[in-house]
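Residues per chain, in single letters:
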Amino acid sequence: MIASLVRHPAFRVGVRDMAPVAVGTAAWGLMTGVAMVKSGMSLFEAVLMGVIVFAGSSQLAALPLMIAGAPIWVTLATAVCVNLRFVVFSAHLRPYFMHQPLWRRLVSGYFTADLTYVMFTHRYPQPGPPEDAPTLRAQEAYLAGNCAMGWGSWVGSSLLGIALANAIPAYWGLGFAGILALLGILSSLASSRLRVVSASVAGAAAVAAFALPLKLNILVAIAAAVAVCLMLEKPPASLPKAGGEA
Amino acid sequence: MTDGWTVLTILGLALVTVITRCFFFISSKPWTLPAWAQRGLHYAPIAALAAVIVPEIMMTQGQLITSWQDARVFAAIAGMAWFFWRRGVLGTILAGMAVYLPLHIGLGW
């Protein structure tokens, strides 16, 4: 089954969409690998975390707590809060994945990090209809290719960071390449006026709410941006207009 | 030295990744989001990106930056200028880093 996904033409499109961005996220993974080793983790622990957790912001949030010897539930609760945006994404992705059995939904969800979510919903604004097998197949193949590229570059660069931990000084700020990668994707999404409004509101709200603990400012920012955009949206054209307006 | 609690914490973190990313499609009970929420979610991807990026560029230690001598701002401007000139995310990253690294490492901004 994996082989047929890989052979599907959409798989390569997914890889190609993620490839340029992976340069930036790899710089980020590199610095996360360095941070894990510098925090005093053993080689085995750092490699295990780099390979299986696959969530940079929750890894970076968990590290200081683990060093400080915080109780395990505190560390996990922190990671849940930092990851809450994924819960919002999962509501969006549900209709795309529900035709799959549970284990495949879990695999698809696990590998769908921020950028794959953004690229996948950008390429396929609507979920495939349940009876349209070729479209569903293409979406699965695109997602698989995009995830494979994203996961491979993240894990590969994390491992490289673990290996080179003592050779890369943090003050170089290589991790900023990750922010620039996100900035490029953001620019490519800014295709309508309301999308620009969404980004502006979210950016301002994330700064204003920055003092909130556990990166909850990100969740507040998404909620604020979505609410503002819904209010600014024109009513759907299919609805009869009230009062005979032009 | 590898420690059992640390390994357990790491396994827990991986489980948190799965549960948060799959939250709304773990159960297969049929339900659909209300239409307004479905429309609203179309604005979520760009909002999430902006919410992550803007504080990383505009803030230092929890405060809005007050100095224009900040390599991140110039790098972001250079990156966006590249994107709207040539398109392409790779160019955005490279143009931004070409501005960022000299200012940051060279001038200490």
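Residues numbered from 1 in each chain as written. Chains lettered and ligands numbered in written order. Predicted model: local features only at pLDDT ≥ 70, side-chain atom pairs only at ≥ 80, totals over all residues.

With that out of the way, let us pick up the overall build of chain A. Each helix and strand in chain A was counted, giving 12 helices and zero strands. Overall size of chain A, expressed as C-alpha extent along the three principal axes, is 70 × 45 × 35 Å. Residues classed as buried in chain A amount to 48% of the 246 residues present. Of all intrachain contacts in chain A linking residues separated by at least 6 positions in sequence, the fraction that spans at least 24 positions is 76%. (Helix = DSSP H or I, 4+ residues; strand = E, 2+ residues; numbered from the N terminus. Buried ≥ 20, exposed ≤ 12 C-beta atoms within 10 Å, placed from the backbone. Contact = placed C-beta atoms within 7 Å.)

A few words on the environment of Val-201 of chain A. Residues and elements named next belong to chain A. If you trace the backbone, Val-201 turns up in helix 11 (residues 193-208). Its 23 C-beta neighbours within 10 Å are what place Val-201 among the buried residues. Distance from Val-201 to Ala-227, taken between C-alpha atoms, is 9.8 Å for residues 26 residues apart in sequence. Val-201 has contacts with Ala-224, Ala-225 and Val-228, leaving out every residue within four places of it along the chain.

All right, on to the environment of Ala-224 of chain A then. Relative to the helices and strands, Ala-224 of chain A resides in helix 12 (residues 216-232). Those residues in contact with Ala-224 of chain A that sit more than four places away from it in its chain are Val-201, Ala-202 and Ala-205 of chain A.

Another point: the domain arrangement of chain A. Residue and element names in this part refer to chain A. Along its sequence, chain A is organised into domain 1 (2-189) and domain 2 (191-234). Centre-to-centre separation of domain 1 and domain 2, based on C-alpha positions: 22 Å. Domain 1 puts nine residues into the contact, and the matching count from domain 2 is nine residues. Sorting the residues of the side of domain 1 that touches domain 2 by element identifies helix 5 (72-82), helix 6 (84-97) and helix 10 (176-189) as the ones contributing at least two each. Class assignment for the residues of the side of domain 1 that touches domain 2 results in six nonpolar, two polar and one charged. (Domains from an automatic or database assignment. Nonpolar A, V, L, I, M, F, W, Y, C, P; charged D, E, K, R; others polar.)

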